[in-house]
Structure formats: structure tokens, C-alpha cells
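Each chain, written out:
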Amino acid sequence: MTDRFTDVPFAELHAKSAFSFLRATATPEALVARAVELGLHGLALVDEGSLSGAVRFIRAAQAAQLPALLGVEFEMADPAVPDIDGIVLPLPRSRAGDSEVAVLDGVAQQPLPQRQRRPLNELVPHADRRGVADAELGPRLVALATDERGYRSLARLLSRSNLEASKGVTRLRHALLDDHLREYPSSLILIAPFDESEIARRLAAGDRAGARAAVERLAALALRGSLHLELVDRQLRGDAWLLDEVAALAARCSLPLIASAAPRSALPSERELLDALTGIRHGLPIHRLGPLRFPQAETHLRSGPELLAAHPAWSSAAAQTGLIAAGADIHLDFARVRFAGIDLPSGVSADQELARQVQAGVPRRYPEGGAELERRIAGELAAIERTGLAEFFLLCAEIVRDAHADGIAAQGRGSAGDSVIAYLLGITRVDPIRHNLIFERFLNEGRESYPDVDVDFASDRRDEVIDAVLQRFGPRHVALVCTFITYRSRSAARDVGLALGLPEALVDEGARKLEAHDSSVVGAQLAADPRWGALLRSNISASGETLWERWVRLCDEIDGLPRHRSMHPGGIVATAEPLDELAPVERSSDGTRAVLQFDKHDIEALKLVKLDLLGLGILTAITDALDLIARDVGARPDLDALPEEIAEVWRAVGAADTIGVFQIESRAQQQSLPRTKPVKMDDLVAQVAIIRPGPIQGNAVHPYLRRRAGLESVTYPHQSLAPILDETLGVILYQEQVMRIAIEVAGFTPGASDVFRRAMGSARSEREMELLRTRFVDGAISTVGMRAADATELFERVAAFASFGFAKSHAAAFARTAFESVWLRLHYPAHYLAGLIRAQPMGFYPVEALIHDARRHGVTVQPVCINRSAARTSTEPAQARGAISSDPFIVIPTTAERAAAGSEHALSYAVRLGLNLVRGVGTRTAERIVAERTRGGDFRSLDDLARRTQLPLSALERLIRAGALDTFGAERRALLWQAAEVGAEIALPPSTAPAHLTPVDRLEALIDAHGLVGADPTMQPIELWRDALTRTGTATVASLRQRAAGPARIAGLLLSRQQPPTAHGTVFLALEDETGIANVTIRARDWPRLRGAVRSASLLLVEGELQRTGEVANLVATRIAPLTRADIKRYARISFR
Amino acid sequence: MTRVMRPATALRVHEGAAGIPESIELFGVVSNVQVVERWRISERWWPQPIDREYLRVTGPGWLALIFHDLLSGGWFLERIYD
């Protein structure tokens, strides 16, 4: 019977996607696919306060040749006309907990979920909308764009309303809409949504006059004719009457009607998922949602005939939608405005200016010049001119140059390192000619996407760089890119579990067991566990599906859906035209930055260019260390000028004496360094690239390690590969090598080789793979005369590698920084440690591990002192040099090496921990304390300190317990007694503490130091247990280095616990005592037995079998027990309880 | 006067085009009916799904609330106003 409506050209103009964030279930692509199936004449994506799905939607619709429109459903902050009776904007409810429980027919009625937001309609930051039903929010209004002008208007309107409010709370004022539509007349179609518009609310309350007045106001705003009233088939009780009222009003006001299903999903089967998302959004299980649940039965996309079958009178309203959709013409492509304007000399093009700046860099970078250099520069400049990216390079160079001028460490990373132009402009520090890097890896004309330039800045000053860019180009031209946080296995398991009301502890246990990211395999992963397998089949409901099976199914359905937007760590876009017309922006959570509602993939699709301005902790550490060196010894080492051949650096790297060193400090790196023993920069580049999950998973690591150790001969898959794979001993390690293989062996052009590399690294169908294989094999046969079988085998090897390949340019940039940090650590250990502590949090190890490692290298580390410490950790002249550990793997430069480096004076400095390390004091208070000390001299007593600084009692107590006030010569507990008096509101003269107070013992002081400062610089915790440990035959970690394989027992502080997915359940611990850090391995089968002790304590006694691989020792644990306070006693019988 | 049927009483319904009732058999008498209002509820899928289309229908001298259980396909009388 629906056949008679097939001629009506219906387009759905009010479809929501998952980019309404927990308010709809379908991806934009799914909506488009379903719309095509249903034969719709067009589709408008109208998300709530969001355009985040716009780019994906337009691309999908263009691919499907479906007319596409974009809209936003705004929440209005105020009524269109006066709302004296509170019809339009609901009055605030009483706070949760205040409502009375109603009793009806002797049955207690469940109270309604309470709103948890602040009073209505305030433009407040961080409005919390959990538990707020849609009907309790402001009325809705849809603004719809049909063409690019409309899109720009929409993006601007959304941006303006977003920037007036806080993140995620788009509230549009009528005055703003009025103002906007004067600026962009006739750019948007306004639609009053059927259920939640001001008009509907007034009609539902019987306020026909008010509804008409609101219509007239909106029609005046929209320029009459582009305001539409909406009819929606919700199938709810009472809707028939309201639909008649809306239709009558439209007739009275001569306004057009549009018909809609107002879908929140593509298919009927997504109803359960929609309810689950609603539960997640409100933080409530579905059975407690009550009126917060979307009430209508059908929330999916429907065809025109289906809609008209229920409402035959709507045919003109349906036809109106088709008429609107017929005018749809949105193409999002902003290539022509993608760069912020760069100031250029008059009459000089960007390409000419780029060439000038590049030539200016030659004398510094390549004083010897050369034909190859000139050839390469010319080739790169030509490619940049052809791709129109000159302005982009100039912008990057300007940002880095300005940062350097402000003393901010900056260096490019990633594939930009493949460009000699980036090197000459100072964007990167890697010489691409020296490292034989391929420019086409960075940029080639076959690339559909624009190149990424990632620049690292000292992490503590990265925001200054962003501020400078904002200031340079103006706030309307610059914004950060967002990221979409999408559902993956663990987040899906937890959120869906909450929505279904499953026991939180069990859900959490299940979530912890999940290792794959993909939430569509939650069931498969848990079913492998016998207990979970049984659980998943238990508790069968009436529907025949167990509750846990339903959980698994919904986890599958929610997989990959966006949950919320977050800020990209450093992606920034700057455009010549106002950015808020090209892409919607909103406030960051803290309200300080403008963030796009588009992620990096959207930006790429729009042909805008993203620049990554990232914070890197090691640059802060190095900069601070260099500043301290310059202050103490009067000269600032030039790290750029360090030659690569420095013997002590390679000794330290080969001995894995690298704690605190960038990139090569992890336990995995420390295990491999003694085997690979890098002796030159190329080795270090390979080391940075290879110890990563990808190569480990791809079995690339062990062949390389065996060949480095001389245990296996170097062979090549084909002799033609020898020049390409020589530097990595025949193993494919870098993406650039894949490209060179494609070029030199299979005859690809450089541009095609990058396409090949990326195609190999992405998910491919069998057919695509076959095409790639054929092209590669044919090329190898014709180019180097390789046999077909060999070429096929080579192709398979390249394919296996491609999924985890690493850009050599990236590894080279990091390797150089690693090299410099090793040098600093060797020659200026105190200054380097101070830099590392200042730059926390960063790196693999906690501060205390860094401190005790430095102590083993002879660095004295002084505790926090109220009269000696600066606000931040610093260096000071050392009274005496500390003892150097006897560990043979500790590398100390010789006197001659120190003389060569000019670092002889560095040893006379110690580290003094900063006052800001004391938890609860903070940098600002620490600076205030130091300022007062500078003004009025050293503090003489607790009373003097309290009086002069007015510190609160809590801060005084923390400083006392951290040992910062030990300088006053009083016992800590006595000081605590006094603090209570001097910190009292009514000042009391400090009295002498009672004599019977028990002094703070060593263990208590140690616990306080760890709790309040993060480390006790005077003692590694195991020292307290050492006597008892020695008597019970427990070895030191350092002694394991020279001990033969066999049974052994050690004790230590647990620094890290890792259970990498690649290790099949094996757990790795790093255990530190006063002599060093040991590797402890727990086999998968032993983990269930031993994990209780490992998880419950940080000081552990471990017994097991010592295994040796060359110089690397591993203790395979068989028994583990916590060390206790009782174990310190002289005659304690330390044992495994 | 209104009577609520608990549980709802099964009905024999003669459906016309689009599944809309044209007549129902009520207390042994077949009467033509007119649909005044219709709506749908889809609830409680999590413990025990309810999916019903409700209709308010008028017959000779009475008004009834009936529903079509979309899960079982049956028709039921829930309330009658006479």
C-alpha cells in the first residue's frame, strides 16, 4: 500500500548521527548507505550542537551521489518572545535528594531522575547535564545549510554560540542569531523541530498566541519563506493533536511544512544501543532512566512511502523536503585558503622567498656545498612549488625561528627529516644527505594527503609557542584540532556494563582481561576464559539472550562510535580566511583555547594543513640542564656541535648505562643494548627504531640482534638489496628502505614508491594485495632480473614489515637527541638530573630511580631544605663528591675525556631538591617562600617561617615531614607539635614540645619522604633492610651482574610492571635496590600465584633462577613476598610467608 | 464508568487496510469501530520486552482502549469506558 507514495520526492532533513555524542547510534556513512537503500531524495545531517560528522557525511554522500545537506540542532538560551509563565524554558527543579517519594495506591513511586546542573540558562562553564532530559533543556531550533555559503554561515554561527559558552554546551541566543543573519542574510533555512521547538512547547501548553508570536519572530529572523515547521511521526500518545496544531499554525502563518522521522539511528535494530547510549550519557542503568529515555518506539531512518502510509496528508510536507534537497550543493574543499598569510617582501612570491631562505641556510648546514646538494635542493623546491606548499614551509620555519629567538628548544621530527629544505630552514636537525633519506617519503606529487610537519618544543613552553601563533595570525584564524575518543574494548565493556546495570566489579574484571582494542571481539576474548565463558552463558532472560551475551552484543555494536571530543596534543590549523567559517570551533575544557570540532582526518579531507606543535619533556630537561650549566660554570655547551665519535658516549650506550636517557632507557632497550652495542650514530638510529612493539611482533628484532652480536651471518633476500639493507644488517627496518626497494629493485618512481609503502602498510583486500604483488614482481623481474619466486618472496617480506615500519628520519631525529642526552648525563650528571627532575612527569622511571641512579654515579643529592632549596630543583656547589658504585657497568668519563669535553668543573656540583617537590606546596608557594627568604634572609625558626610567609598549617606540616625544616635543628615531631600552635587561628607563642614524644624513626622519615617528595635522596629504601637481607643470603642487584646462572634471591623496590601483549602473558618487573636495577621475569603460568604479592606491595623479596644472555641477567621469579617493617629487625627471619 | 481489564482480555479484531481495526468482537457482540487515536510503546526490552500499538476506538455507545501486541500478534482489550 506504500506504492502510491513512491512518486513523492522525500528527503530526510533531520537525521542525527553518532556525532551527536551518545544521542544517536549511526555513523554518517551508515546513514548515507541506508538512505540510498531507502531511495531517499536527499539527507541532511543535523547533529546536536555539532558539525563533527560533517566531513565524513559529505564525503560518503558524494561517493553515493546522494544530495547532502548539513545542519545543526541548536539549543536556544532564551525564548523568541517573552516567556512569563515558564512554558518554553522549564523552571529549575529542586536539588537531588530533596524530592519527596510519592505514594499512589499504596505503591511508592520511583522518583524522577534529578537534574544535576546549575540553575537554568546561565552561561556557566562546565554545565553538568547528567540526568537532564532533553525536554528540560532550552527549546531547539535547526539551522540548515544547502550550499557552501550556507555551510560557512552555519560554521560561523555554531562557532560564535560555542565560544559564548563552555565545551559541549551550545546555547544560541536569539539576539546572536539575529545579528548573525544580518551578516549572512538568506544563508540558512530555519526549521522549528516538531517536538522541542519553542513553538511546539507553546502549542503543547495551549499558548497558541505565544506560538504564533514566536513563529513571527523566527520568520522575521530567517527572512520569511526560509522558516519551516516540522511534522514528525513519533507515534506517541497525544502527538496527533499536536501535529494538527502545528499544521494549523503553519497554514495560518503561510509557512511551509516539512515531514520527517527525526531519526537517531539508521536501522530499527539499533534501538537497544540508543537506550544504552542514553544510559551512558546520564550515568544511569537503562532500567532507571525513566523519562530520560527517548520515548518513541521508532527512531530509525524511514522512507517516504513508509512515512506517508501512516500520514497520507503529509505528501506536500514530504515533497517540500525533496524540493529543498534538490538545491543541495555542498563541497567542502578549502585548498585555496589553507595557509595563513605570510608577510612577503613586495613583488616576491612565496616560492622565491622560500628559495632565498633555503640558500641562506646552506653556509651553516653545508659549508662545503656540492653538486649533489644543489641537485637535491632544486628537486625539492620544484616539488614544493608544484604542490603549492611554499607558504607552509615558510610558516614552519618562522615558528621554529621565533621559538629559538625566545630561548625555546624546538626541533622537527617525523618525515620532515627527509627534507633537506626543512634541514636548511632549521625546522629539523637531521641531515637527510648524511642519513641517506628520501624526500619523497615526506612529500611527493602522488600523495593525496598533505605532509605532516611535527615540531617538538620544550614541554613547559609549548603553550607559549601556540600563544605566539595565535597572536601572529589572530584568534579567528587559528585553532587546535580535536580528536574523537571512540569506543574500544575496555571503554565499551565498562560503559555498556553500566548501562545494563551489571555488577561494576565484575565488569571491571572483564574489562581488564581485554587486550585487543576492538570492542567487537569482547565476547571472543572473554569466552576463552573458562570462568567468563560460563558467566556469559548464565542468567538467561526471557528474550533467550543472557544479560552478559547482551553486554557482548552491545559492545560489538558500540565499537568505534565516538564518545566525546578531546583536544589533539598539538595539532594546529592556521588559515588565511577566518577559520571559524571553514570549520566550527568551540572552547577547550579549560576554556582557554579554541578547538575545532574536526579531527586531523577531517582537516586533511578539507585540504587544510595541520601543523603539530608538540611538547617534549626531554627538551625541557636539556634546556634546563644547559641553563644551570651556563650559570654554574660560565659556558653553555653547544650540543649541535658535538661530534658523533665520542668514545665515552658509546661506552655508556653499550653498557646500557642509560637510565634517564631519551628513548633508550626502557627495560627492553636496556636488555638489548649490551647485545647490540651501538658504536656509531647509524647503530643508534636502528636501536631507536627496532625496540618497539611492531618489530617485536613482526619477529624483526631477533635476527637483527643475532647479526649485531655476530651469532648469525648477514644475508640478503637478494644481492640487489645489499646496498639498501647494508646499514641494518640485511633486515628491513625503515620505511625509507621499503621505498628504496620499490625504486631500485622493482623500478617504481619515488612518488609511486611512497604510494606503495602506504598501500602495503594499510589494511588491504586480497584483490588489492594481488595487484600490488603483480606490479612489484613484474617490476623486479624487468629492473634487476630477479627470479619470479625470489621477487614474490621479497614482496611477502616487505608486506610483513610494512605494518610496523618506522620512518628513519624520525628515528634519526630521536637518536641525535638520545646521543646528546647521554653526553650531558656523562659530563654534567648533576645538572642533567636537575633538568630531568624539573621536566617531570616524563620518561620511563620515577624521580626516585633517577636520583638513586645519579647517586650510584657519584652525584650528591641534597634533600629539600627551607633555607637552601630553590623553588625548583637546582644545583649547588657540592661539599663532597659521593661514592661511585662498584657496578662495572657504570660508565664514568676518564679525566682526559672530561678535559676534552671541558666538563672538569661539573663534578663539584650537587643537586638540591626544590621546594615545589613537596606535595601540596606547589611552585607558586615555593616561589613565594624563596622570595621572602631572598628579601629577609634565612628563616631562623618555625615561628619565623610561619610569621614571614603566612603558610597554612597544612603546608607547614608537609614541609616538616618532608625534612625541609630539619635545618632548624629540632626533632620533626617536636616541630609538628609547635606547628599546631603557630598555625592556629589565634596566634600562640610556641611552647616546648613534651619530652616524651617519640622521635621520627628512619622508616617513618623514609615513608614521609616518598609520600611527600617522591624520593628520599639520602637513602634507597632497601638500605634499611640490607643488614637483615645480607644475613639471610639475599644478593644485591649489582652482584647479579657477575653471578653465574642459577638460584638467586634479591630484594628491591618495584619500579615498573609490564605485561606487553607480545609476551603472551609473561610479566616483567624492574626491581631497584641501592646498587642498581634488576630485571625480573614472571612466567605466565606463575603469574596467578605471584601476582597477589606484586600487586599488594612495592618492596619485594624475590627468589628465582638467574638466567644470563651474554651480559644481560634476568631473574626468573619462582617466589615473591612483600618486605615488611618487621623484616628490618636485626634478627628478623626474612622469609616467604 | 470505566473498567480496566487485568490482565488485558484477548479480542477478535477484523483488520482493514494498513492493519487498522474495522470491527471488534466485544462480549460476544461484533461492532464496527472507528479509531480516534493511535500510538505505540516499545518498552522494557531489557527484562521483558513490551511492544504494542495502542488504539482508542469508539463503538456504538462506548469507547475502548485496545492494543495490538506486536510481539505475539494478538489484540487485547485494556480498558472500556461506557
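Numbers given to residues run from 1 along each chain, matching the order in which its sequence is written. Think of it this way: whatever chain is written first is A, whatever ligand is written first is 1, and the rest follow in order. Only residues with pLDDT of at least 70 are given local features in this predicted model, and only at 80 or more are side-chain atom pairs given and counted; all residues enter the totals for whole chains, interfaces and linings. Only hydrogens and water are set aside; all other atoms, that is, all heavy atoms of the structure, feed into the side-chain values.

K.L.:
Help me understand the overall build of chain B, please; the structure alone is not making it clear to me.
P.N.:
Within chain B, the regular secondary structure consists of zero helices and seven strands. Each helix corresponds to a stretch of at least 4 residues labelled H or I by DSSP, and each strand to a stretch of at least 2 residues labelled E; elements are numbered beginning at the N terminus. Scanning chain B from its N terminus toward the C terminus, one meets helices and strands in the order β-β-β-β-β-β-β. For chain B, whose C-alpha radius of gyration is 13 Å, the value lies close to the compact-globule estimate of 12 Å for 82 residues. Residue exposure (1.4 Å probe, protein chains only): buried if accessible area is under 20% of the type maximum, exposed if over 50%, otherwise partly exposed. Per-residue burial for chain B yields a buried fraction of 38% across its 82 residues. Sequence-distant contacts in chain B: of pairs separated by 6 or more residues, those separated by 24 or more amount to 34%. The atom set for the radius of gyration is the C-alpha atoms, and the globule formula is 2.2 Å times the number of residues raised to the power 0.38. Throughout, a contact is declared for two residues whenever any of their heavy atoms are within 4.5 Å.

K.L.:
Whenever I open this one, the overall build of chain A confuses me. Can you help?
P.N.:
In terms of helices and strands, chain A carries 46 helices and 25 strands. Oriented by its inertia axes, the alpha-carbon framework of chain A measures out at about 95 × 90 × 70 Å. Within the span of chain A, comprising 1137 residues, buried residues form 58% of the whole. Partitioning the intrachain contacts of chain A with sequence separation of at least 6 by distance along the chain shows that 73% fall at a separation of at least 24. Taken as a whole, chain A presents about 45,400 Å² of accessible surface, with 52% of it coming from carbon and sulfur. Counting rule applied: Lys, Arg positive; Asp, Glu negative; His and chain ends not counted. For this purpose, a charge sits on NZ of Lys, CZ of Arg, CG of Asp or CD of Glu. When the 133 basic and 143 acidic side-chain charges of chain A are each reduced to a single mean position, those positions are 5 Å apart. Shrake-Rupley sampling with a 1.4 Å probe provides the accessible areas, and residues are treated as covered by the protein chains on show and by no other component.

K.L.:
So what exactly am I meant to see when it comes to the packing of helix H26 (residues 667-676) of chain A against helix H29 (residues 701-708) of chain A here?
P.N.:
All names here are of chain A. Each axis is a line fitted through C-alpha atoms, and for a helix only the stretch in contact is used; angles between axes span 0 to 180 degrees, taken between their N-to-C directions. Running from amino to carboxyl end, H26 crosses H29 at an angle of 35°, the nearest separation of the two axes being 8 Å. Along the contact surface, H26 presents Ser672, Arg675 and Thr676, while H29 presents His702, Tyr704, Leu705 and Arg708. Throughout this entry, Asp, Glu, Lys and Arg are counted as charged residues, while Ala, Val, Leu, Ile, Met, Phe, Trp, Tyr, Cys and Pro are counted as nonpolar. The remaining residues, Gly among them, count as polar. Taken together, the residues of the contact of H26 with H29 break down into two nonpolar, three polar and two charged.

K.L.:
Honestly, the interface of chain B and chain A in this entry has me stumped. Any pointers?
P.N.:
Think of interface size as the accessible area that goes away when the parts come together; that is how it is often given. Listed per partner, the contact involves 12 residues of chain B and 16 residues of chain A. Note on definitions: buried area is the accessible-area loss of two parts on being combined, 1.4 Å probe, summed for both. In this assembly, chain B packs against chain A so that about 1,400 Å² is buried in total across both faces, 54% of it on carbon and sulfur atoms. Together, Arg40, Trp45 and Trp46 of chain B form the three largest contributors to the area buried by chain B at its contact with chain A, with a combined 53%. Salt bridges are defined as contacts in which a side-chain nitrogen from Lys or Arg sits within 4 Å of a carboxyl oxygen from Asp or Glu. On inspection of chain B and its partner chain A, the count reaches one salt bridge.

K.L.:
Even after reading the chapter, I still don't get the environment of valine 731 of chain A, so can you show me in this structure?
P.N.:
Residues and elements named next belong to chain A. Positionally, valine 731 belongs in the loop between helix H30 (722-725) and helix H31 (735-745). Separated by 357 residues in the primary sequence, valine 731 and proline 1088 place their C-alpha atoms 37 Å from one another. Other than its neighbours up to four places away in sequence, valine 731 contacts Ala700, Pro703, Tyr704, Arg707, Leu725 and Gln737.

K.L.:
Just to check I follow, could you spell out the nonpolar core for this structure?
P.N.:
The tendency in soluble globular proteins is for nonpolar side chains to be buried side by side. Residues and elements named next belong to chain A. By convention a nonpolar core is built from buried Ala, Val, Leu, Ile, Met, Phe, Trp, Tyr and Cys residues, the set being connected through side-chain atoms within 4.5 Å. In this structure, Ile618, Leu684, Leu824, Ile866, Leu959 and Leu965 are the most contacted members of the largest nonpolar core, which totals 118 residues. No other element matches the 11 residues that helix H35 (residues 808-827) contributes to this core. Not counting chain neighbours up to four residues away, the residues in contact with leucine 684 comprise Trp650, Val653, Ile664, Pro678, Ala815, Ala818 and Phe819. If you look at the next biggest cluster of nonpolar residues, it comprises 90 residues, including Ile58, Leu154, Leu177 and Ala222.

K.L.:
Honestly, the sheet that holds strand S22 (residues 1067-1073) of chain A in this entry has me stumped. Any pointers?
P.N.:
The strands making up a sheet associate through hydrogen bonds between their backbones, and the pairing can be parallel or antiparallel. All names here are of chain A. Paired strands, as defined in this entry, are two strands with at least two bridges between them according to DSSP. Judged by pairing direction, the barrel is mixed, and its five strands sit side by side in the order S21-S22-S23-S25-S24 before closing back on the first. Taking the axes of each pair of neighbouring strands and ignoring which way they run, one obtains an average angle of 55° across the sheet. Strands in contact with helix H46 (residues 1087-1096) are strand S21 (1046-1058), S22, strand S23 (1076-1082), strand S24 (1099-1109) and strand S25 (1112-1122); relative to S25, the strand with the most contacts, it is inclined by about 75°.

K.L.:
Got a minute to help me understand the domain arrangement of chain A in this structure?
P.N.:
Here the domain parsing of chain A yields domain 1 (2-86 + 140-266 + 301-326), domain 2 (335-482 + 566-618), domain 3 (485-563), domain 4 (647-815), domain 5 (845-1012) and domain 6 (1021-1128). Where each domain begins and ends follows an automated or database-derived domain assignment. Of note, the centres of domain 2 of chain A and domain 3 of chain A, computed from C-alpha atoms alone, are 43 Å apart.

K.L.:
I tried to follow helix H10 (residues 315-326) of chain A on my own but got confused; where do I start?
P.N.:
Helical periodicity: at 3.6 residues per turn, an α-helix aligns residues three or four positions apart in one direction. In this scheme, a helix's expected span is set at 1.5 Å multiplied by one less than its residue total. For H10 of chain A, with 12 residues, the first-to-last C-alpha span of 17 Å sits near the 16 Å given by 1.5 Å per residue. Of the residues making up H10 of chain A, those classed as buried are Ala317, Ala318, Gln320, Thr321, Gly322, Ile324 and Ala325 of chain A.

K.L.:
Got a minute to help me understand the environment of leucine 395 of chain A in this structure?
P.N.:
Turning to its location among the elements, leucine 395 of chain A is positioned in helix H13 (residues 390-405). Apart from the residues lying within four places of it in its own chain, the contact partners of leucine 395 of chain A are Ile342 and Phe473 of chain A.

K.L.:
Just to check I follow, could you spell out the side chain of glutamate 876 of chain A for this structure?
P.N.:
If you trace the backbone, glutamate 876 of chain A turns up in strand S19 (residues 874-877). The contact partners of glutamate 876 of chain A, leaving out residues within four places of it in the chain, are Gln862, Arg868, Ser908, Tyr909, Ala910 and Arg912 of chain A.

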